Amino acid sequence: MTTTSALTPSQPEAPWSVVFDTKGGARQAPLETADGGAAISPLTWVHLYTGDSAHFLLSQVGVLPPKVAEYFAQPSGQARLVAVADGLLMTLRGVDQPPGGLPVELPSIQVWLGRNRVVTSSSPVPGAIREIYSDLMAGVGPKGPADFLGRLALLLIRDLGPLLDDNSGALDLLETRILTREVDHLGRELNTIRLNLLRLHRHLSPQRTLLHESLQEHGRHRLGPEETLSTLREASERVDDRLERLEGLREHCGALQEALADLQSQRMNNALYLLSLYTALFLPMGVLTGLLGINLAGIPGEKSPWGFWIVCLLLVLFGAAGYWVFRKLGLTQPMAHKGRKRHRLGANNSAGKGHPDHNAVEDT
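The rules behind these values
Residues numbered from 1 in each chain as written. Predicted model: local features only at pLDDT ≥ 70, side-chain atom pairs only at ≥ 80, totals over all residues. Heavy atoms only, no water. Helix = DSSP H or I, 4+ residues; strand = E, 2+ residues; numbered from the N terminus. Buried < 20%, exposed > 50% of the residue type's maximum accessible area, 1.4 Å probe, protein only. Contact = heavy atoms within 4.5 Å. Areas by Shrake-Rupley, 256 points an atom, 1.4 Å probe, with all protein chains shown as cover. Salt bridge = Lys/Arg side-chain N within 4 Å of Asp/Glu carboxyl O. Pairing = 2+ DSSP bridges. Axes fitted to C-alpha atoms, helices over the stretch in contact; angles between N-to-C directions. Core = buried A, V, L, I, M, F, W, Y, C linked by side-chain atoms within 4.5 Å. Parallel < 35°, antiparallel > 145°, perpendicular 65-115°, else oblique. Left-handed = near helix turned anticlockwise from the far one by under 90°. Nonpolar A, V, L, I, M, F, W, Y, C, P; charged D, E, K, R; others polar.

Asker: Sorry, what's going on with the overall build of the chain here?
Answerer: From N to C terminus, the chain includes 10 helices and seven strands. For the chain, with 364 residues in total, the buried portion stands at 39%. When contacts within the chain are restricted to residue pairs at least 6 apart in sequence, those whose partners lie at least 24 apart make up 66%. Total accessible area computed for the chain in this model is approximately 20,200 Å², and 58% of it derives from carbon and sulfur atoms.

Okay, structure coming up:
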């Protein structure tokens, strides 16, 4: 493997190796030193390209278990925890929101966490890895393997909170539009949010189990002092909280989808109701015009110059009479409006009579 310098602005994707001082700082170390066999005490962190992982790990066969090289050679799609010898293999997942309104990225990072060595592999370099590196160079970084894992997990989900807030606000706006019956293109927007939340849930849900298992395995592998577990515990709790919020937003989406379906069904029922009403209203006129259109002699008013106008007047009278009958029967309003009207009448009657139950139930 060629020697490359540590992470720099001109080489943001370059592999690097650093040595921890267990006080929150680190110093750069050439990759040849990491390739050379024994790990540099007390803890060495090597970050690699995804494509460079296999090459580097082949040079570490005498230091790392063979299963580590096999794990890093696989795609990083599966988030799982594997206990190997005195360390842990895992794939961490997160959310990365690039600046400038660019689409959200969902990075995956392969991690080997041992007593004196940490190896990470990803391409490109996520913002979480960059920040840990900067903290180490500033002397405020992690102090051990467990602390490293906890910080990495926290940074990977840092952008998830604002992202969930944005989706929650969007769902509130959609709910307002449903209540005000402004549903144009609403179904498409709701489906977009549901797909985004489903993608996030599928990507991040394994992280909860992985961090819980990491805390359990630490008791067996003792990856660093006990006090360094606080960050890992915080990361596990934070992931639990974010996933609960994510699941709540998915349930909110389902409720809005049902409300939208009910509203669309109500609109369809009202349209069919009005169509059947108009059909019944014009039915007598159709019968009358059909009778007058038959080719038989002796039709009343056949030779009168006022016959046509009399027929038109009769049609108007028939239509007005039919409308009056429908109105008296309460059939001229859509079903939803009738339900609200009956609700108001029931509430007024109960209030006027002093009835104890003032909470009238709306008809549906």
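Asker: Where do I start with the side chain of aspartate 240 in this structure?
Answerer: Inspection of the secondary structure assignment puts aspartate 240 in helix α8 (residues 229-292). On the accessibility criterion, aspartate 240 (18% relative accessible area) is buried. With residues near it in sequence (within four places) discarded, aspartate 240 still touches Arg208 and His212.

Asker: What's the story with the pattern of salt bridges in this structure? I'm lost.
Answerer: Pairing is possible between side chains that carry opposite charge, provided their charged atoms lie close to one another. Applying the stated criterion across every chain, the model contains eight salt bridges. Here aspartate 165 ties to arginine 245 by a salt bridge, and the two come within 2.7 Å at their closest N and O atoms. Highlighted residues: aspartate 165 in helix α6 (residues 160-179) and arginine 245 in helix α8, separated in sequence by 80 residues. Its relative accessible area of 44% is what places aspartate 165 among the partly exposed residues. A salt bridge links arginine 208 to glutamate 247, with the shortest nitrogen-to-oxygen separation between them at 3.7 Å.

Asker: Whenever I open this one, the pairing of strand β5 (residues 87-93) confuses me. Can you help?
Answerer: Walk down a regular strand and you will see the side chains alternate between the two sheet faces. Taking burial as the measure, the seven residues of β5 include seven buried ones, the bulk of the element. Residues Gly87, Leu89, Thr91 and Arg93 line one face of β5 and the alternating positions Leu88, Met90 and Leu92 line the opposite face, and both faces are buried. Here four bridges tie strand β4 (residues 81-84) to β5, and the two strands are oriented antiparallel to one another. Paired with leucine 81 across the two strands is methionine 90, which belongs to β5. Counting the residues that bridge the hairpin from β4 to β5 gives two residues, and of these alanine 85 lies at a positive phi of roughly 50 degrees. Pairing of β5 with strand β6 (residues 108-113), which is carried by six bridges, proceeds in the antiparallel orientation. Bridged to arginine 93 within β6 is serine 108.

Asker: Before we go on, may I ask you to explain the sheet that holds strand β2 (residues 26-28) in this structure?
Answerer: Strands in a sheet are paired, the pairing made by backbone hydrogen bonds, and the direction either parallel or antiparallel. Taking strand neighbours across the sheet as the criterion, the seven strands line up as β2-β1-β3-β7-β6-β5-β4 in an open arrangement whose pairing is mixed. The strands lining the two open edges of the sheet, one partner per strand, are β2 and β4. Strand after strand, the sheet turns through a mean of 20 degrees between neighbouring axes, direction not considered. Where helix α5 (residues 145-156) meets the sheet, it contacts β1 (16-20), β3 (43-48), β5, β6 and β7 (117-121), and its direction lies at approximately 170 degrees from that of β6.

Asker: What exactly am I supposed to notice about the side chain of serine 214 here?
Answerer: Tracing the chain through its elements places serine 214 in helix α7 (residues 186-221). Residue classification places serine 214 among the buried positions, given a relative accessible area of 1%. Those residues in contact with serine 214 that sit more than four places away from it in its chain are Leu81, Met90, Leu149 and Leu232.

Asker: What's the story with the environment of threonine 22 in this structure? I'm lost.
Answerer: Residue placement: threonine 22 occurs in the loop between β1 and β2. Under the relative-accessibility criterion, threonine 22 is labelled partly exposed at 40%.

Asker: Hey, could you run me through unusual backbone geometry in this one?
Answerer: The phi angle at arginine 181 is positive, at roughly 65 degrees, despite the residue not being glycine. For arginine 181, the position within the fold is in the loop between α6 and α7.

Asker: Honestly, the environment of leucine 246 in this entry has me stumped. Any pointers?
Answerer: Considering the arrangement of structural elements, one finds leucine 246 in helix α8. With residues up to four places along the chain from it excluded, the contact list for leucine 246 reads Leu164, Leu197, Leu200 and His201.

Asker: Got a minute to help me understand the nonpolar core in this structure?
Answerer: Val18, Trp45, Met90, Leu92, Phe148, Leu152 and Leu171 are the most contacted members of the largest nonpolar core, which totals 56 residues. A total of 11 residues in this core trace back to one element, the largest contributor, which is α8. Not counting chain neighbours up to four residues away, the residues in contact with tryptophan 45 comprise Trp16, Ser17, Val18, Phe20, Val118, Thr120, Ile129, Ile132, Tyr133, Leu136 and Phe148. If you look at the next biggest cluster of nonpolar residues, it comprises 11 residues, including Leu48, Phe72, Leu89 and Trp112.

Asker: Got a minute to help me understand the packing of helix α4 (residues 127-138) against α5 in this structure?
Answerer: Geometry of a packed helix pair, given as the angle between the helix axes and the separation of the axes. As a packed pair, α4 and α5 sit with axes 9 Å apart at the nearest point and diverge in direction by 135 degrees. Our classification of the angle between α4 and α5 gives oblique. Viewed along their axes, α4 and α5 form a crossing whose handedness is right-handed. Residues Ala128, Ile129, Glu131, Ile132 and Asp135 of α4 touch α5, and the partners they reach there are Phe148, Arg151, Leu152, Leu155 and Leu156. For the contact of α4 with α5, the per-class residue count stands at seven nonpolar, no polar and three charged.

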